[in-house]
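# Descriptive structure summary
The chain contents come next:
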Amino acid sequence: MSCGDPHETECGEVLDHLYEFLDNEMPEGDCVKLRVHFDECSPCFEKYGLEQAIKALIKRSCGCDDTPTDLRAKVLARIDSIRTQRSGEVDTSVIEVSSVSVEVTVDGTAGHGSAVATAE
Ligand SMILES: [Zn+2]
Ligand SMILES: [Zn+2]
């Protein structure tokens, strides 16, 4: 995935380290590189925003730090459907997902996180 613009840090490199960044496991110098990149690169920033929203949602819903892969997939599917519904009205590239509504079931613990995806 790339926006087509040249960046000092490659999109692929940024996305490879996205989870480390979200988990605050990156050296400060690399964090700066990623932040600069998110400023310049909307596809990566969008992906980052999504992952951050998912992480926060799951943490709030079930109190766990790890995002189970199937749960992430579920949330992403939900976001996709929101986008599809809205695609006739707005430029989907500017949809900002502040949060999503999804049933969360992790390790037998059911929680419910809810909110909306907003389009500016
Ligand atoms: Zn990028
Ligand atoms: Zn880019």
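Note that residues are indexed from 1 along each chain, following the sequence as it is written. For this description, chains carry letters from A and ligands carry numbers from 1, given in the order in which they are written. Local features in this predicted model are restricted to residues of pLDDT 70 or higher, and side-chain atom pairs are both shown and tallied only at a pLDDT of 80 or more, whereas totals for entire chains, interfaces and linings draw on every residue. Hydrogens and water are ignored here; the side-chain numbers use all heavy atoms of the structure.

## A short note on a negative patch on the surface
The patches described consist of residues with a relative accessible area above 30% and no salt bridge, like charges being joined within 9 Å and nonpolar side chains (Val, Leu, Ile, Met, Phe, Trp, Tyr) within 5 Å. Only the protein chains shown count as cover for residues, with accessible areas throughout obtained via the Shrake-Rupley method and a probe of 1.4 Å. By definition, a salt bridge exists where a carboxyl oxygen of Asp or Glu is found within 4 Å of a side-chain nitrogen of Lys or Arg. Note that His is not counted, nor are the chain ends; the positive residues are Lys and Arg, and the negative ones are Asp and Glu. For charged residues, the charge sits on one atom: NZ in Lys, CZ in Arg, CG in Asp, CD in Glu. Where like charges cluster on the molecular surface, the negative patch consists of Asp5, Glu8, Asp39 and Glu40. Starting at the N terminus, helices and strands are each numbered in turn, a helix being any DSSP run of H or I of at least four residues and a strand any DSSP run of E of at least two. The topology assignment puts Asp39 in helix H3 (residues 28-40).

## A few points about the nonpolar core
Ranked by size, the top nonpolar core spans 12 residues in total: Cys11, Val14, Leu18, Phe21, Leu22, Met26, Cys31, Leu34, Phe38, Cys41, Cys44 and Tyr48. In what follows, a contact means two residues having at least one pair of non-hydrogen atoms within 4.5 Å. When residues no more than four places from it in sequence are discounted, the contact partners of Met26 are His17, Glu20, Phe21, Cys31 and Leu34. Residues grouped as a nonpolar core are buried Ala, Val, Leu, Ile, Met, Phe, Trp, Tyr and Cys residues, joined through side-chain atoms within 4.5 Å. Partly exposed residues are those whose accessible area sits between 20% and 50% of the maximum for their type, while under 20% is buried and over 50% is exposed, using a 1.4 Å probe and protein chains only.

## Here's the deal with the coordination of the zinc ion (ligand 1)
Under ideal tetrahedral coordination, the four donors around a metal are separated by 109.5 degrees; under ideal octahedral coordination, the six donors are separated by 90 or 180 degrees. Any N, O or S atom lying within 2.8 Å of the metal counts as a donor, with the limit raised to 3.2 Å for Na, K and Ca; because water is left out of the atom set, some sites can appear incomplete. Binding of the zinc ion (ligand 1) to the protein goes through Cys11 (SG), His37 (NE2), Cys41 (SG) and Cys44 (SG), at separations of 2.0 to 2.4 Å. Donor residues for the zinc ion (ligand 1) sit on one chain with the sequence pattern C-x25-H-x3-C-x2-C. The distance between the zinc ion (ligand 1) and the zinc ion (ligand 2) comes to 3.4 Å, and Cys41 binds to both of them. Note that Cys11 is positioned in helix H1 (residues 11-16) and Cys44 in helix H4 (residues 42-62), a separation of 33 residues in sequence.

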